[in-house]
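Architecture and fold: a report
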Amino acid sequence: MLYAILCYHDEDHVGSWTKEQDAAVMSKLAVVQDKLTKQGRLGPVARLLPTTAATTLRKDDPPVVLDGPFAETKEQLLGFYVVDCNNLDEALDVARDLAKVNPGGAYEIRPVGMFTPGSIAT
Amino acid sequence: MTDTAWIDNALTSARPQAVGALLRYFRNLDTAEEAFQNACLRALKSWPQNGPPRDAAAWLIMVGRNVAIDDIRRGKKQAPLPEDEAISDLDDAEEALAERLDGSHYRDDILRLLFICCHPELPATQQIALALRVVSGLTVKQIARAFLVSEAAMEQRITRAKARVAEANVPFETPDAVARAERLAAVAAMIYLIFNEGYSASGDTAEIRKPLCEEAIRLARLLLRLFQSEAEIMGLTALLLLQHARAEARFDSDGAVILLDDQDRTRWNQKMIAEGLALIDKAMRHRRTGPYQIQAAIAALHARAATPEETDWTQIDLLYGALEIMQPSPVVTLNRAVAVSKVRGAEAALDMIEPLASQLSNYFHFFGVRGAFLMQLGRNDEAAVAFDRAIALANTSAEAAHIRMHLDRLQRDNQPRDVTAGK
């Protein structure tokens, strides 16, 4: 079974780390990740940019683009995609295509700051 | 992380919202600050034992308000009591509080708190000092250090600014759309001032003044979270991030300035660049361009170039052209001329800045740039005159040292010619 581990924290708090503190946390995390990588058990890992960089596509008909992160509480996170796009407009086009075939709810589009593709042994 | 570090962080994050709400409640900045201070003291006692509240700001507003009201009722308060109308408000306090905490008000609370610091009669340095004290909650000692002045002098500066603000009577009603836009613009300008206060530091003080840049970025992000669809606030945040991304590469180990072309670009902070680029991308979709977005777009073109040669100077020239129309200023034209010199050569650039001479006759950068153009054209004697003038006008020792380097090179180049020229 594959498990997704979703990371939640106060972004003000994490954002206030100094470069050194941030680097220290990342290097400690790297140790844990390395172990999983060697075992062929680590899939993609992403660190997202702050929510101020987020855009939300509400999957209404027609879809509505809103600035900012997904803020409703009555819907739950059910899945995610990572797509390679040149800019936000391209990412929104992808989200619109997905929305057409799967209406309802919303997509939050958030730029990825750091990404490792990972490799899971099959 | 220790308890106190966690609490410290939470209090700092909650401060703008809590002080903003308390200010709306008490309509007096000193009372609001004192109420917040008292609430923080209680938090330090209560939170380690009872655990952190779910909503730190709401907790601090409630406790701060109650403590202040108790003080007023007991008549213990040394500060002048609030106006009668403020006290009569207390009866329906619960209702007002419930309304406030639903989040619809706190945008305007924080905006008001920032806005009162931008009173047009306050000189820029006082605006910044006041914002850092009241909104960011830095201590007078920390602010004094960043401004390189004594604590007593900074204390006095802040006290004066507060007195001025108290007389200003900023309205407490929820602002309409026009008033809100005006406040937003004033606050954005002040945040940019805070940033520049840190960014214009010389090499020997850059490290001490860096917190000013970081605080400006924090405030810009705060503002953007409150006003998520404001393209210019996206632009401002992007601009600050893209400029600050170069902080590590701007000075050498002796504190001398390293120009953009000579900076080690591997030392630029890629995380900040990524965030800045994402924000401009987002802003562009609104097609409501403005000066911050344009300046951010210029900074983005520099950030995107892996080497100086790859810089898209043609595009930068166009962007400065747009900025000139939007915000005509000799300084903008001067900056544009640097782009022009790369695209069309020093001669064209020099023609562009000559008409600015009278307006910028006391501006260090004008003579630095003029000297550089003249040097490129081989007009070394004229260049030396311009550089001499620049040194006389330099704001920091690092600026002067940088120009002196050019002068030394000119002198080396000139010597053989002087000898052969004879009499």
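Here's what I pulled together on the structure shown here. (Residues numbered from 1 in each chain as written. Chains lettered and ligands numbered in written order. Predicted model: local features only at pLDDT ≥ 70, side-chain atom pairs only at ≥ 80, totals over all residues. Heavy atoms only, no water.)

To continue, consider the overall build of chain B. Assigned secondary structure in chain B consists of 20 helices and 0 strands. Relative to its 423 residues, chain B shows a buried fraction of 51%. Approximately 20500 Å² of chain B is accessible, and the part contributed by carbon and sulfur atoms is 50%. (Helix = DSSP H or I, 4+ residues; strand = E, 2+ residues; numbered from the N terminus. Buried < 20%, exposed > 50% of the residue type's maximum accessible area, 1.4 Å probe, protein only. Areas by Shrake-Rupley, 256 points an atom, 1.4 Å probe, with all protein chains shown as cover.)

Residue and element names in this part refer to chain B. The residue Arg 336 is located in helix 16 (residues 330-344) in this model. For Arg 336, the side chain forms a polar contact with the side chain of Glu 324, separated by 2.6 Å. Residues within four places of Arg 336 in sequence aside, it is in contact with Asp 317, Tyr 320, Gly 321, Glu 324 and Met 352. (Polar contact = N/O pair within 3.5 Å; in protein donor to acceptor, adjacent residues only side chain to side chain. Contact = heavy atoms within 4.5 Å.)

Next up on the list: the environment of B:Asp109. Residues and elements named next belong to chain B. Mapped onto the secondary structure, Asp 109 falls in helix 6 (residues 106-116). For the pair Asp 109 and Glu 34, spaced 75 residues apart in sequence, the C-alpha to C-alpha distance is 17 Å. Within polar-contact distance, the side chain of Asp 109 engages the side chain of Arg 24 at 2.6 Å. In this structure the side chain of Asp 109 is engaged in a polar contact, spanning 3.2 Å, whose partner is the side chain of Arg 112.

Residues and elements named next belong to chain B. Counted by the stated rule, this structure contains 26 salt bridges over all chains. Close ionic contact of Asp 30 with Lys 162 constitutes a salt bridge, the shortest N to O distance being 3.6 Å. Taken together, the positions of Asp 30 in helix 2 (residues 29-50) and Lys 162 in helix 9 (residues 151-168) put the pair 132 residues apart, joining distant regions of the chain. According to the relative accessible area criterion, Asp 30 is partly exposed, its value standing at 45%. Salt-bridge contacts for Arg 221 lead to Glu 275; the nearest nitrogen and oxygen are separated by 2.9 Å. One end of the pair, Arg 221, is in helix 11 (residues 206-226); the other, Glu 275, is in helix 13 (residues 270-284), and 54 residues separate them in sequence. Here Glu 275 falls in the buried class, since its relative accessible area comes to 5%. Members of the salt-bridge network, linked through shared partners, are Arg 15, Asp 30, Glu 33 and Lys 162. (Salt bridge = Lys/Arg side-chain N within 4 Å of Asp/Glu carboxyl O.)

It is worth spelling out the interface of chain B and chain A at this point. Accessible area lost on assembly of the parts is the figure often given for the size of an interface. Taken together, the contact pairs 21 residues of chain B with 25 residues of chain A. Across the chain B to chain A interface the summed buried area is about 1900 Å²; carbon plus sulfur atoms make up 51%. Seen at the junction of chain B and chain A, the total is 3 salt bridges. In this structure, A:Glu11 and B:Arg225 form a salt bridge, with 3.7 Å as the shortest nitrogen-oxygen distance. At the boundary of chain B and chain A, one finds 7 residue pairs in polar contact (both at pLDDT 80 or more). Looking at the side of chain B that touches chain A, the elements that each hand over two or more residues are helix 1 (3-26), helix 11 and helix 13 of chain B. If you tally residues by element for the side of chain B that touches chain A, the top one is helix 13 of chain B, at 7 residues. Residue composition of the side of chain B that touches chain A, by class: 7 nonpolar, 6 polar and 8 charged. (Buried area = accessible area lost by both parts, 1.4 Å probe. Nonpolar A, V, L, I, M, F, W, Y, C, P; charged D, E, K, R; others polar.)

The first and last C-alpha atoms of helix 2 (residues 19-38) of chain A sit 28 Å apart over 20 residues, in line with the 28 Å expected at 1.5 Å per residue. Within two residues after helix 2 of chain A, A:Gly40 carries a phi angle of roughly 70°, on the positive side. (Expected span 1.5 Å × (residues − 1).)

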